Amino acid sequence: MDHEDEEIEIPNYFICPISLDIMKDPVIAVSGITYDRESIDKWLEKVSSCPVTKQPLPSDSDLTPNHTLRRLIQHWCVENATLGVVRIPTPRVPPGKPNVVEEIKNLKKFGDEALGREDTLKKLELLAIDGETNRRLMHEGGVHRSLILFIVKCTREEEEEGQRRIKEQLDESLRLLHLIGVPLNDARTILMENDRILDSLSLVLNQQNFLNKAYIIVLLRNLTENTSSHIVERLNEEILKGIIGFLKEVVSSFNRASPNVSDTAQSSNPRVRNKVHSKLDYTLVIKQAVTAALMILLETSSWSRNKHILIELGAVSQLIELEISSAGEKRATELVLGVLSRLCCCTNGRAEILAHGGGLAIVTKRLLGVSIAADDRALSILSTVSKFSPEKAVVEEMVCVGTVEKLCTVLRVDCGLSLKEKAKEILSDHFDELKKFPCIDVRLLTKLLSSSQEDLLAEFYSKLNV
């Protein structure tokens, strides 16, 4: 409205109860109240009740266009055009249930012709971006299952024919599957129903497309999270190799702008690409994939067979490099230390940690700096490595990287009793060797080892009060 000097009376029923603005696309909720579509859509993404009546209003409930009210608003705008009121255009019919149902039917015709497959994937992608309701309808229609089977088909055909269009379809399918996700109740059974799925995921993991690897790892975590432990135990070596390779690429990308991410984040359709980019934060996708990868490694490393496979694949070195390169994010650090604590149960695992220039150093740095869980895992690593490795080498490394100093700090500060006991045990076991180093304060170390925990805590708090 351009004429600020003239006050225009706006009918109350033109106003959206949520935004308090004139409605551009009035729709009637099942509660009988009319809202502007954009406002009620955003509301229902966070709250599942009617803003006015407070009655339950599921996010996928029908919103009926109020054509009569829209025409009244448009007519009123035309009548007041001389006062600067701009006419509200007739809104487009938004993608909704009919579109999703139609595209689900098209999806089941993937085997008929390539052009139909291409259009269906792109339309489904746009529909998935448009809201949670569409994604829920896709779950109900089994789109995620169809996509997984299609990914299996794409990997087989790509292996046989290597066609460019098949690669594009694979990219689109993985991106769409990441957008809609896999419902928990289906994730438990999908891998058990089709033994070719893991082979297909393994093929993608060991290809060049960095972003596709991220999608696959998140998908793999979703599919194995609540399944039989037998499936997790038997993840093949190629999958584990692909996961470790992905973490290696992540480490490489920390200190440079990774061309892989920007290159593989492209869609063949610019309209889809721009809209998808606004919905998918690719940095977040990579972060989710790193967490998923670490969780998979933590679960698989429960079995002796997998421990040895992971160590041979270079997992110890890559995990240390990942932790050194990262900012010490709480969840990721806990997972990295959790995997390392399991791998150092093996002789080769301990040797790898000790041989890596930053192994004990980064574990020491994270001790008392992240969380209680991280502290417990860090001390477990230090205890195991120091107990079962050549004493001279391990003590020299512990002195050089500040491990001894940090263990003394554990004894002096207020932290868990189990942590103090582990720290005390490490220092006691190597006391004679530690005395040989001129930088070690033997008197202080003796005092810390001989004093009770109560006396050390009392001294700690007395210094704080001062």
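An unreviewed UniProt entry lists the protein under the name U-box domain-containing protein, with Brassica carinata given as the organism. In its Catalytic activity (unreviewed entry) section, the UniProt entry covering the protein states "S-ubiquitinyl-[E2 ubiquitin-conjugating enzyme]-L-cysteine + [acceptor protein]-L-lysine = [E2 ubiquitin-conjugating enzyme]-L-cysteine + N(6)-ubiquitinyl-[acceptor protein]-L-lysine." Annotation of the protein in UniProt includes, under Pathway (unreviewed entry), the sentence "Protein modification; protein ubiquitination."

Asker: Help me understand the overall build of the protein, please; the structure alone is not making it clear to me.
Answerer: Across its full length, the protein carries 27 helices and 3 strands. Split into buried and exposed, the 466 residues of the protein put 49% on the buried side. Considering only intrachain contacts with a sequence separation of at least 6, the fraction spanning at least 24 residues in the protein is 70%. Approximately 23300 Å² of the protein is accessible, and the part contributed by carbon and sulfur atoms is 50%.

Asker: Would you mind going over the packing of aromatic side chains with me for this structure?
Answerer: Here the structure, examined in full by the defined rule, presents 3 aromatic pairs. Judged by centre distance (5.0 Å) and plane angle (85°), the ring pair of Y13 and F14 falls under edge-to-face. Look at Y13 and you get exposed, because its relative accessible area is 53%. Seen from their ring centres, F14 and W76 are 5.8 Å apart, and the 80° between their planes marks the pair as edge-to-face. Here the residue F14 occupies a position in the segment before β1 (26-28), and W76 occupies one in helix α2 (residues 67-79), the gap between them amounting to 62 residues. The class of F14 is buried, set by a relative accessible area of 2%. Cluster of aromatic residues (ring-pair linked, three or more members): Y13, F14 and W76.

Asker: Is there a simple way to explain the nonpolar core in this structure?
Answerer: A general feature of soluble globular proteins is that nonpolar side chains tend to end up buried together. Within the largest apolar cluster, 116 residues are counted, with the highest numbers of intra-cluster contacts made by L223 and F246. Examining the composition of this core, we find that 12 residues originate from one element, helix α15 (residues 282-300), more than from any other. Formed by 18 residues, the second largest nonpolar core is a distinct cluster that contains L57, W76, C77 and I88.

Asker: What's the story with the state of the cysteines in this structure? I'm lost.
Answerer: Joining two cysteines, a disulfide is a covalent bond between their sulfur atoms. On inspection of all chains with the given rule, the structure shows 0 disulfides. Considering cysteine sulfurs only, C439 is the nearest to C400, which forms no disulfide, with 7.6 Å between them. In this structure C400 comes out as exposed when scored by relative accessible area, which is 60%.

Asker: Is there a simple way to think about helix α9 (residues 197-205) in this case?
Answerer: Turn by turn, an α-helix covers 3.6 residues, leaving residues three or four places apart pointing in a common direction. With 7 of 9 residues buried, α9 is to be regarded as a mostly interior element. Burial in α9 covers these residues: I197, L198, S200, L201, S202, V204 and L205.

Asker: Would you mind going over the packing of helix α12 (residues 237-254) against helix α17 (residues 315-325) with me for this structure?
Answerer: When two helices pack together, their arrangement is given by the angle between the helix axes and by the axis-to-axis distance. Interaxial distance between α12 and α17 falls to 9 Å at its minimum, and their mutual angle equals 30°. The angle between the axes of α12 and α17 places the two elements in the roughly parallel class. Where α12 crosses over α17, the two elements pack in a sense that is left-handed. Facing α12, whose interface residues are I244, L247, K248, V250, V251 and F254, α17 presents A315, Q318, L319, E321, L322 and S325. Among the residues forming the contact of α12 with α17, the class breakdown is 8 nonpolar, 2 polar and 2 charged.

Asker: Is there a simple way to think about the environment of L201 in this case?
Answerer: Locating L201 in the fold gives a position in helix α9. It is 9.9 Å that separates the C-alpha atoms of L201 and N212, two residues lying 11 residues apart in sequence. The contact partners of L201, leaving out residues within four places of it in the chain, are I216, L219, L220 and L223.

Asker: Quick question: what am I supposed to make of the packing of helix α18 (residues 330-343) against helix α21 (residues 372-388) here?
Answerer: Between α18 and α21, whose axes approach to 9 Å, the crossing angle comes to 30°. Considering their axes alone, α18 and α21 lie roughly parallel with respect to each other. Classified by chirality, the crossing of α21 by α18 is left-handed. Note on element contacts: α21 touches α18 through A373, A374, R377, A378, S380 and I381, opposite E334, L335, L337, G338, L340 and S341.

Asker: It is not clear to me how the pattern of salt bridges should be interpreted in this structure. Could you clarify?
Answerer: Pairs can form between side chains of opposite charge once their charged atoms are near each other. Scanning the model with the defined rule gives 15 salt bridges in all. Among the ionic pairs, R221 bridges to E299, the shortest N-O distance being 2.6 Å. In this pair, R221 is assigned in helix α10 (residues 210-224) and E299 in helix α15, connecting sequence segments 78 residues apart. The class for E299 is partly exposed, based on a relative accessible area of 24%. A salt bridge links K436 to E433; the shortest N-O distance between them is 3.2 Å.

Asker: Explain the sheet that holds strand β2 (residues 34-36) here, please?
Answerer: To summarise the sheet geometry, strands pair through backbone hydrogen bonds and adopt either a parallel or an antiparallel arrangement. An order of β2-β1-β3 is seen for the 3 strands of this open sheet, with the pairing classed as antiparallel. Across the chains shown, the open sheet's two edge strands, defined by having one partner strand only, are β2 and β3 (64-65). By the bridge criterion, 2 bridges tie β1 to β3 in an arrangement that is antiparallel. For V27, the partnering residue across the bridge sits in β3 and is P65. Across the sheet, helix α1 (residues 37-46) lies against β1, β2 and β3, angled at about 95° from β2, the strand it touches most.

Asker: Just to check I follow, could you spell out helix α7 (residues 164-180) for this structure?
Answerer: In this model, α7 (17 residues) spans 25 Å end to end at C-alpha, consistent with the 24 Å of a helix rising 1.5 Å per residue. Among the 17 residues that make up α7, 13 are buried, leaving the element largely enclosed by the rest of the structure. Looking one or two places after α7, you find G181, whose phi comes out positive at around 75°.

How each quantity is defined
- Residues numbered from 1 in each chain as written.
- Predicted model: local features only at pLDDT ≥ 70, side-chain atom pairs only at ≥ 80, totals over all residues.
- Heavy atoms only, no water.
- UniProt positions renumbered as here; feature names shortened; annotations may be inferred.
- Helix = DSSP H or I, 4+ residues; strand = E, 2+ residues; numbered from the N terminus.
- Buried < 20%, exposed > 50% of the residue type's maximum accessible area, 1.4 Å probe, protein only.
- Contact = heavy atoms within 4.5 Å.
- Areas by Shrake-Rupley, 256 points an atom, 1.4 Å probe, with all protein chains shown as cover.
- Phe/Tyr/Trp six-rings, centres within 6.5 Å; stacked < 30°, edge-to-face > 60°.
- Core = buried A, V, L, I, M, F, W, Y, C linked by side-chain atoms within 4.5 Å.
- Disulfide = S-S within 2.5 Å.
- Axes fitted to C-alpha atoms, helices over the stretch in contact; angles between N-to-C directions.
- Parallel < 35°, antiparallel > 145°, perpendicular 65-115°, else oblique.
- Left-handed = near helix turned anticlockwise from the far one by under 90°.
- Nonpolar A, V, L, I, M, F, W, Y, C, P; charged D, E, K, R; others polar.
- Salt bridge = Lys/Arg side-chain N within 4 Å of Asp/Glu carboxyl O.
- Pairing = 2+ DSSP bridges.
- Expected span 1.5 Å × (residues − 1).

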